[in-house]
Amino acid sequence: MPTFLTTDGTRLAYHLRGEGAPLAVLPGGPMRASAYLGDLGGLTAHRRLALLDLRGTGDSAVPADPESYRCDRMVEDVELWRGHMGLEHMDLLAHSAGAALAMLYAARRPHRIRRLVLITPNPSALGLRATPEDRLAAAELREGEPWFADAFPAFRAWLAGEAGFDDVFLPFFHGRWDDTARAHTDAELTQTNEEAGERYFADGAFTPDATRAALAELTAPVLVYAGELDGGPRPDLARRAAQVFPNAESAVQPCAAHYPWLDDPEHFRARVLAFLDGPAPSVPPRADRPAHHRAQG
């Protein structure tokens, strides 16, 4: 298991799986160990995945300063990781909350991105958020499921702030509520740093106007990937996020929710590989954005 040191002395770990050209991967959660990503629907048969455990998660060390869990504070971790791996430019894939970190990184260092894949992304860095109405509308698509009658009222109450999180509505996050999905959710509690997750989206993490302006310089191809049944983001919100990037496309996986590689691995793998293996993009030789222009402030 390779490791490297960050600027504040925190030792971070990442995991290498598979064969082929490297694909750097940022996990979501927020702040869930990268183990939950598995082989990403079989991508390891085609790509060498490098899966980063963000600070305080998985096999990475806990930082001395808990405020460093804030999303924008970890952008430099990603840059040090890229340099440690010896990649001049990198294909970067990020899931859910990890996509917010990937967007901030791309805004600060657009010339380091070869291709960017955002899987069911949280677009908070762009000033976009999934609303309770979005999530309920997506949930209503599952009305025919045998668990819906118990799950929907609890989900609605949670979104309204009238009740706490209830495991009964976990099926809404999966396109198929089967043994694979149950095992995936059972592992979440031990894989997630809840304190870090609460700090990830803390006030000051995002400056959407500056981030959008910086991403206008990103010439690399971008894929924004949504699940048809996902409420965060719904496909329409994913398409709006894609419009921020100069060279982006959006895709919607049928019958999938927030973890599309679990819902239909073959479909997920084929679509992501079609994007990654497309015509080689040109990456202009640009310097890093000066500190006073950085989207993170």
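Reading guide: rules and limits
- Residues numbered from 1 in each chain as written.
- Predicted model: local features only at pLDDT ≥ 70, side-chain atom pairs only at ≥ 80, totals over all residues.
- Heavy atoms only, no water.
- Helix = DSSP H or I, 4+ residues; strand = E, 2+ residues; numbered from the N terminus.
- Buried < 20%, exposed > 50% of the residue type's maximum accessible area, 1.4 Å probe, protein only.
- Lys, Arg positive; Asp, Glu negative; His and termini not counted.
- Salt bridge = Lys/Arg side-chain N within 4 Å of Asp/Glu carboxyl O.
- Polar contact = N/O pair within 3.5 Å; in protein donor to acceptor, adjacent residues only side chain to side chain.
- UniProt positions renumbered as here; feature names shortened; annotations may be inferred.
- Core = buried A, V, L, I, M, F, W, Y, C linked by side-chain atoms within 4.5 Å.
- Contact = heavy atoms within 4.5 Å.
- Arc of directions from axis to C-beta.
- pLDDT = per-residue confidence, 0-100.
- Pairing = 2+ DSSP bridges.
- Axes fitted to C-alpha atoms, helices over the stretch in contact; angles between N-to-C directions.

Named according to an unreviewed UniProt entry, the protein is Alpha/beta hydrolase originating from Streptomyces sp. 900105245.

Topologically, R32 is positioned in the loop between β3 (21-26) and β4 (47-52). The buried charged residue R32 lacks any salt bridge partner; its closest oppositely charged side chain belongs to E188, at an N-O distance of 4.1 Å. At 2.9 Å, the side chain of R32 forms a polar contact with the backbone oxygen of H184. A polar side-chain atom of R32 sits 2.8 Å from a polar atom in the side chain of Q191.

So, about the pattern of salt bridges. What the rule picks out here adds up to 18 salt bridges. A salt bridge links E88 to R112; the nearest nitrogen and oxygen atoms lie 3.1 Å apart. One end of the pair, E88, is in the loop between α1 (75-85) and β5 (90-95); the other, R112, is in the loop between α2 (97-108) and β6 (113-119), and 24 residues separate them in sequence. Classification of E88 as exposed rests on a relative accessible area of 52%. On the basis of relative accessibility, which here comes to 15%, the residue R112 falls in the buried class.

With that settled, the discussion passes to the UniProt feature "domain: AB hydrolase-1" (unreviewed entry) in the protein. What UniProt calls "domain: AB hydrolase-1" (unreviewed entry) maps, in this numbering, to residues 43-265. Secondary structure within residues 43-265 divides into 38% helix and 14% strand; the distance between the first and last C-alpha atoms comes to 9 Å.

Core analysis: the biggest nonpolar cluster contains 52 residues, and L26, L116 and L118 have the highest contact counts within it. The leading source of residues in this core is α2, at 10 residues. Those residues in contact with L26 that lie beyond four places of it in its chain are L52, L54, V78, W81, L92, L93, A94, H95, G98, L101 and A102. Membership of the second largest hydrophobic core comes to 35 residues, among which are V25, L37, L51 and V117.

Mapped onto the elements, A257 comes out in the loop between β8 (248-253) and α10 (260-263). A257 sits in the buried class, given a relative accessible area of 0%. Along the sequence, A257 and A226 sit 31 residues apart, while their C-alpha atoms lie 7.8 Å from each other. Here A257 is in contact with T120, F172, F173, H174, G175, G227, L229, D230 and D263, once residues within four sequence places are set aside.

We now examine helix α3 (residues 132-140). All buried positions along α3 are accounted for by L136, A138 and A139. All buried residues of α3 project into a common sector of 160 degrees when viewed along the axis, lining one side. Residues of α3 that are buried sit in contact with α4 (148-159).

Looking at the protein, the pLDDT average stands at 94 and 94% of residues meet or exceed 70. Counted against residues more than four places away or in other chains, residues 290-297, with its pLDDT under 50, gives 15 contacts.

As summarised here, the arrangement of the eight strands in space is β1-β2-β4-β3-β5-β6-β7-β8, forming an open sheet in which the pairing is mixed. Only two strands of the sheet have a single neighbouring strand rather than two, namely β1 (3-5) and β8. Taking each pair of neighbouring strands and ignoring which way they run, the sheet shows an average axis angle of 25 degrees. In terms of strand pairing, β6 meets strand β7 (residues 222-227) through four bridges, oriented parallel. Each residue of the ladder has a partner; that of L116, found in β7, is V222. Set on the sheet, α1 makes contact with β1, β2 (11-17), β3, β4 and β5; between it and β1 the angle comes to about 125 degrees. Those strands touched by helix α9 (residues 235-242) are β7 and β8, and its axis lies near 165 degrees from that of β8.

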